[in-house]
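So you can see what is in the structure, the chains are spelled out below.
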Amino acid sequence: MSSKQSYRVCCFFRRRFKLAVAEAPAEIKALFDTYSENGVMAADHLQAFMMEVQGEDKVTKEDAEAVMEATLREHKHLKIFHRNGFDLEAFFRYLFSDINSPLPSSPKVHQDMNASLSQYFVYTGHNSYLTGNQLNSHSSDIPIIEALHKGVRVIELDMWPNSTKDGVDVVHGGTLTTPVELIKCLRSIKEHAFVASEYPVVLTLEDHLTPDFQAKVAKMVTTTLGDALFSCGSECLVEFPSPESLKRKIIISTKPPKDYLESKSITEKDNGSNKVKDSSEEGAWGKEVSNLKDKFEAFDENAPDQGEFQDEEDFKDEDHNLRKNAPPEYKHLIAIQARKRKGGIKEWFHVDPSKVTRISLREQQLEKAVRTHGTDIIRFTQRNLLRIFPKGTRYDSSNYNPLIGWIHGAQMVAFNMQGYGRPLWLMQGMFRANSGCGYVKKPDILLKADPVFDPNQILPVKKILKVKVYMGEGWYLDFHHTHFDVYSPPDFYAKVGIAGVPADSAMKNTNTIEDNWIPTWDEEFEYPLTVPELALLRIEVHEYDVTGKDDFGGQTCIPVSVLRTGIRAVPLHDKKGEKYKSVKLLMRFEF
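Attention in this report is confined to the structure presented alongside it. (Residues numbered from 1 in each chain as written. Predicted model: local features only at pLDDT ≥ 70, side-chain atom pairs only at ≥ 80, totals over all residues. Heavy atoms only, no water.)

1. Here we look at the side chain of His208
Thought 1: Residue placement: His208 occurs in the loop between strand 7 (201-207) and helix 7 (211-225).
Thought 2: Here Glu206 takes part through its side chain, which lies 2.9 Å from a polar atom of the side chain of His208. (Helix = DSSP H or I, 4+ residues; strand = E, 2+ residues; numbered from the N terminus. Polar contact = N/O pair within 3.5 Å; in protein donor to acceptor, adjacent residues only side chain to side chain.)

2. Things to note about unusual backbone geometry
Thought 1: The step from Asp450 to Pro451 runs through a cis peptide bond, and the omega angle for that step is -5 degrees.
Thought 2: Position of Pro451 among the secondary structure elements: in the loop between strand 13 (439-441) and strand 14 (463-473).
Thought 3: The backbone of Asn127 shows a phi angle near 45 degrees, a positive value even though the residue is not glycine.
Thought 4: Structurally, Asn127 can be placed in the loop between strand 3 (120-122) and helix 5 (142-149).
Thought 5: Residue Asn127 is classed as buried on the basis of its relative accessible area of 0%. (Buried < 20%, exposed > 50% of the residue type's maximum accessible area, 1.4 Å probe, protein only.)

3. Here we look at the sheet that holds strand 4 (residues 154-161)
Thought 1: Taking strand neighbours across the sheet as the criterion, the six strands line up as 6-5-4-7-8-9 in an open arrangement whose pairing is mixed. Here the strands that pair on one side only, and so sit at the sheet edges, are strand 6 (180-181) and strand 9 (334-337).
Thought 2: The sheet contact formed by strand 8 (residues 250-254) and strand 9 spans three bridges and is parallel. Within strand 9, the position partnered with Thr254 by the bridge is Gln337. (Pairing = 2+ DSSP bridges.)

4. A look at the packing of aromatic side chains
Thought 1: Taken as a whole and assessed by the stated rule, the structure comprises 20 aromatic pairs.
Thought 2: Considering the side-chain rings of Phe49 and Phe91, the 5.1 Å spacing of their centres and the 85 degrees angle between planes classify their relative orientation as edge-to-face. Highlighted residues: Phe49 in helix 2 (residues 43-52) and Phe91 in helix 4 (residues 88-95), separated in sequence by 42 residues. Across this residue pair, the class does not change: Phe49 and Phe91 are buried.
Thought 3: With 6.2 Å between their ring centres and 50 degrees between their planes, Phe121 and Trp406 make a pair best called tilted. With Phe121 in strand 3 and Trp406 in helix 14 (residues 403-406), this pair connects stretches of sequence that are 285 residues apart. Of the two residues, Phe121 and Trp406, neither departs from the other in class, the shared state being buried.
Thought 4: Here the aromatic residues Phe32, Tyr35, Phe49, Phe86, Phe91 and Tyr94 are joined through ring pairs into a cluster of three or more.
Thought 5: The lysine or arginine in question, Lys463, covers the ring of Phe591, its NZ or CZ lying 4.8 Å from the ring centre.
Thought 6: In this structure, Lys508 is placed above the aromatic ring of Tyr527, and the distance from its NZ or CZ to the ring centre is 4.8 Å. (Phe/Tyr/Trp six-rings, centres within 6.5 Å; stacked < 30°, edge-to-face > 60°. Lys NZ or Arg CZ within 6 Å of the ring centre and 35° of its normal.)

Take a look at the structure:
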C-alpha cells in the first residue's frame, strides 16, 4: 500500500494525505523499557510483563517462549524480530496480535456444565427458519444451519399442514412467508447440530397440527434424529438434566398437544397495510438499546395489552377431543413441557416442587411483570425455564434489550438472528463466554434462594472497571480509502460502555481524531459496577460525519466476567457480528 492517499476536492484538484505508520503509544514504550534490557525483551522479561501487567499469574517461561514463537509466525512477513527476543516494534506487534485477546485463551469450555439446564443462559433463536422479515420473507433451512454454526442452541420451528394436506411445513403462520418442508429442517439440524458445540440443541415447536399430522411428525422426528433424540417418556421431569449429561442430544420442547386452528392468512389485499417497517430511524447499525430504568417504572397490572398478537404458543382449547386424541408417540417426544399461563402474573411464576416446566412471555409481558414481580421471576427461573420472544410488531426482525431477560434469570432470550443492531451485538457478546458453546452459567447471585436477588435494588459498588483506549488500526486494510469520506481520511471516535443492571449501564465517548486511519485516543474511563457478573463491556467505533449520520466503524461486546486484564488487542466486528480481518483496538483493562 502506498504511503500517501489522494482524495478528490473538485474537478481539477486532489488533496494528498500521508498515511501514518502505527507507532507504539508512550505508555507502551515506557513498559518496554521497564521489561527489557539493551533494547531487547527476552523470554524471562516477557514472562515478568505477562505476570505483573497482564495479570497472568501462572505463566511460565516456556509459555512466554511459545508466545514469542506464535507472534513471529503471525508477523514473519514484517522481518522485525531480534533473534534473542522482542525489540520495541515486535513487542508492539505482539500486543496487537490475535494471541493477546481480551477473551480467555483456552478454547475449552471452562464453566461447570453439570448443573441443571435451568442454571444456564442458552443461546436462543426466534423463528429460526426465516431468511429476512417476519411478513413476506422465505422460510429455509439455511438460517437454521447458519445459527447452529454460530453456536445457537435453541431453534424454533412453526409446524403447519402443507397446502395439499399430505405433509408438514415449517412457516410463519398467518403471513405471506413461503414454507419449507419440516423434513428438510430436521435433516439439516441432525447434520449441523454439533458442528460448533457438543452441548444439547433444544427444538421449541409451535404446533398447529391435528393428531394425524402429529403422528407423521413423531415418525419423522424419531427416524431422522435417531439416537440423537433425547426422550424421557411422557412423564414430567422433576428436575432438568445437565448440559454435560445431554451432550450431542436434541431435545423437543412444546406444550402438550393442543388443537389445530386454521390460520387466518394475510391475503394479498391485506399486504398493503402490513408493509415491513424500514429500520431507517435506527441509523446505520440500529438504535441505542432501551434503557432498563424506564422498564421498571410502575404500571397498571390490569391494563390490557394494546395492538399485540396472540402469544406464539397460546391457542384456545376449542376441541378437547383433538387434545385428548393426540397420539402417544407424539406426546413421548416432548422432553421439556411448556405450559400455558393461567391467572395473574403471580400465578404465572408459581413453582411446583414436584415437576419443572417452561413458560414463554413476549417482551412487553416481561417488561410489565418485572416491575412488580421481579423476585418471583428469579425464584421461578432457579428451577424452571423462561423463554422470552420478540413482540409481534417487529416485522423487520429487529430485537429488544436482552438484559431485561438475563438479569431476571430468563434462560431462553429468543432473538431474530436474521438482522443486526445493538441488541443482537449484546446477544453475540454474551455467548462469546464459555468458549462459545452456547451455554453460559448463570452467576450465583441469580441462584441464591435467600435472599432472592432484586434487580431493582441498587447494591453497593463491587468493582470499578478501568478501561483505557490507546489506539486503533486495520481500517485502511479492510476498507477502500474513500469508504468513510470521499474527500479525506476518516475522523474516528470510540464509544465505550457497560450494559448490565440499570445502575451499572453507561456509555462514554472518546474525542474525535480527524483525518487519520490509525487514530490514537489515549483516553481512560471508569465504570463502577454493582453487579459485574451480569455486565457486558460495549465497544463501538464511529466515523464522525458533519451531516449528523455517523458511519459505522466496528463493534464488539465482551462479558466483564471473562475479561482478561492488562493490555489487550480487541478485534472489532461488522454490523452482523462477523469479525473484521484486520480492525483492532489496543486497550487496557484493570479492576
